[in-house]
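# Geometric and topological summary
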Amino acid sequence: MDAGMEDAERQQTATEHRKLFKGRIFGGDASLWIIIAALAIISVLVIYSSTAPLAYSRSQQTSFYMLNQLRFLLLGFGVMFVVHRFDYQSYSRYTRPLFFAALGLMVLTFFVGVTANEATRSLRFAGLTFQPADFLKITLVMVLAKELAKRQGDINRQELLPVAPLFARLTEKRRERNRWVMRNMTMPLLLPIALACGMIFISNFSTSALLFVTCLVMFYLGRVRGREIWRLLRKVILSVAFVVAVMYAFGLGRSEVWVNRVTSFAGIEKAEMTPDELAVRERNAHQVENAKMAIASGGIVGRGPGQSVQRTNLPLPFSDYAYAFIVEEYGLVGAMLVLVLYLWLFYRTIVIFRRCEKSFPSLLVLGLGTLITLQAFVSMLVAVDLFPVTGLPLPYISLGGSSLLFTSIAIGMILGVSRQMQEKTIGDS
């Protein structure tokens, strides 16, 4: 009897040790590890096949870009592993310094940035090129999660913006209330969004819009009143429309590209177009047409790995139009697999969000998961011509080191919160 009990205790102890060992190495939500591994495998297959013409044109081996992507995937996996071992309390303390550092890098981009595809978005450091906007997106989500968490007690009863009636005189009580709202709500919650989205907007309208929508989702689930969100959204839409109209009228920035992308998608034709506008319109039409041809030739199971016909005509099949390329080679089956993986990723972030007992880590997980998933869906919608051209890559699949590494950091943070939930340390903060 005693020997049997001792054996049972030893087996239970061994089982607990195995679970602890696994948790210490790969902690957090197991499904997320599986999703990331699956996306990485798809990425290698897509990059190897889609970059073959590019490698040939640059006198490189056909495996050159695939090996480069594999190195970044391994590096991203390492970064994700390291980040997920940190407790969220440790990096939450550095939220503001990281945010201001990201803003500084964005400012630096305007002066010494690297120009590619008619836009200056990157910095080169030690031979490597990265986009500070990817860093800024993560830090903004961190700042917003922290500020929302501090106000959970009464945020559903507060205003986001001061109230200023058009045809009514403000009372002294209303002025005092507006000052309080500006100091305690508008500045800490909306100023970081305005700074981050505004800086990204200058060179990348689609990323700025995507980030702003993510912030709105965080507001909604962070218990901000719905009418306050709508009031903010109306003001932002009117302001952005006015700014873009002025930029377009004076030919400033990339406004011409933005407007032509939207009008081209909507089928609006101008009676007279400048040579630059005509070039943008023709380029957009070329992209959409070849993407449609790639999708149409995919069928149910696709042409097969390495059998793409449109990869020489399809613009950026390894980046912006990676999803169209996947449909061509792997058909509807491959398209549905990728879609399900991103939906699964978002579902797991929602599960973590709902189970987390603390406001900051739960909102952080939700914000990062929304940011990644929204980008994936927009990229897929563009590829199938259900959304205007944006230039957004497919997260963790498209070629590129900067986006992949910062996506790995975001996933690492989500896994870190999930790990602390499993280890019951999430409530110690």
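Everything below is about the structure shown above.
In this report, the structure presented in the accompanying data block is examined. Predicted model, so just to flag it, every value in this text is computed and none were measured.

Criteria and cut-off values
- Residues numbered from 1 in each chain as written.
- Predicted model: local features only at pLDDT ≥ 70, side-chain atom pairs only at ≥ 80, totals over all residues.
- Heavy atoms only, no water.
- 1 Å grid on protein atoms, 1.4 Å probe; cavity = no way out; pocket = protein on both sides within 12 Å on 5 of 7 lines; lining within 4 Å.
- Points joined across faces, edges and corners; volume = space filled by probe spheres on them.
- Helix = DSSP H or I, 4+ residues; strand = E, 2+ residues; numbered from the N terminus.
- Nonpolar A, V, L, I, M, F, W, Y, C, P; charged D, E, K, R; others polar.
- Salt bridge = Lys/Arg side-chain N within 4 Å of Asp/Glu carboxyl O.
- Buried < 20%, exposed > 50% of the residue type's maximum accessible area, 1.4 Å probe, protein only.
- Phe/Tyr/Trp six-rings, centres within 6.5 Å; stacked < 30°, edge-to-face > 60°.
- Core = buried A, V, L, I, M, F, W, Y, C linked by side-chain atoms within 4.5 Å.
- Contact = heavy atoms within 4.5 Å.

## A short note on the layout of surface pockets
- Its volume calculated, the second largest pocket comes out at about 630 Å³.
- As for the second largest pocket, its lining consists of 22 residues, and the residues nearest its centre are Cys197, Phe212, Val236, Ile237 and Val240.
- Sorting the residues of the lining of the second largest pocket by element identifies α8 (172-203), α9 (205-221) and α10 (226-250) as the ones contributing at least two each.
- The element that contributes the greatest number of residues to the lining of the second largest pocket is α10, accounting for nine residues.
- Looking at the lining of the second largest pocket residue by residue, the classes come out as 18 nonpolar, three polar and one charged.

## Considering the pattern of salt bridges
- Scanning the entire structure with this criterion turns up 16 salt bridges.
- Put simply, Glu172 and Arg175 hold a salt bridge, and the shortest N to O gap is 3.2 Å. Separated by three residues within a single helix, Glu172 and Arg175 lie in helix α8, roughly one turn from each other.
- A relative accessible area of 31% places Arg175 in the partly exposed class.
- Through salt bridges with shared partners, a single network forms among Arg96, Glu147, Lys150 and Arg151.

## A short note on the packing of aromatic side chains
- Under the counting rule described, the total for this entry stands at eight aromatic pairs.
- Judged by centre distance (5.7 Å) and plane angle (65 degrees), the rings of Phe201 and Phe205 are edge-to-face.
- The exposure class of Phe201 is buried, given its relative accessible area of 14%.
- Pairwise contacts between aromatic rings join Phe201, Phe205 and Trp258 into one cluster.

## Quick look at the nonpolar core
- In terms of nonpolar packing, the biggest core is built from 99 residues, with Leu148, Ile193, Phe219, Tyr321, Val338 and Leu394 touching the most fellow members.
- At 14 residues, helix α13 (residues 322-355) tops the list of elements feeding residues into this core.
- Those residues in contact with Tyr321 that lie beyond four places of it in its chain are Gln287, Val288, Ala291, Leu314, Pro315, Leu316, Val382, Ala383 and Val389.
- Listed in part, the five residues of the second largest apolar core include Ile47, Leu54, Ala55 and Phe318.

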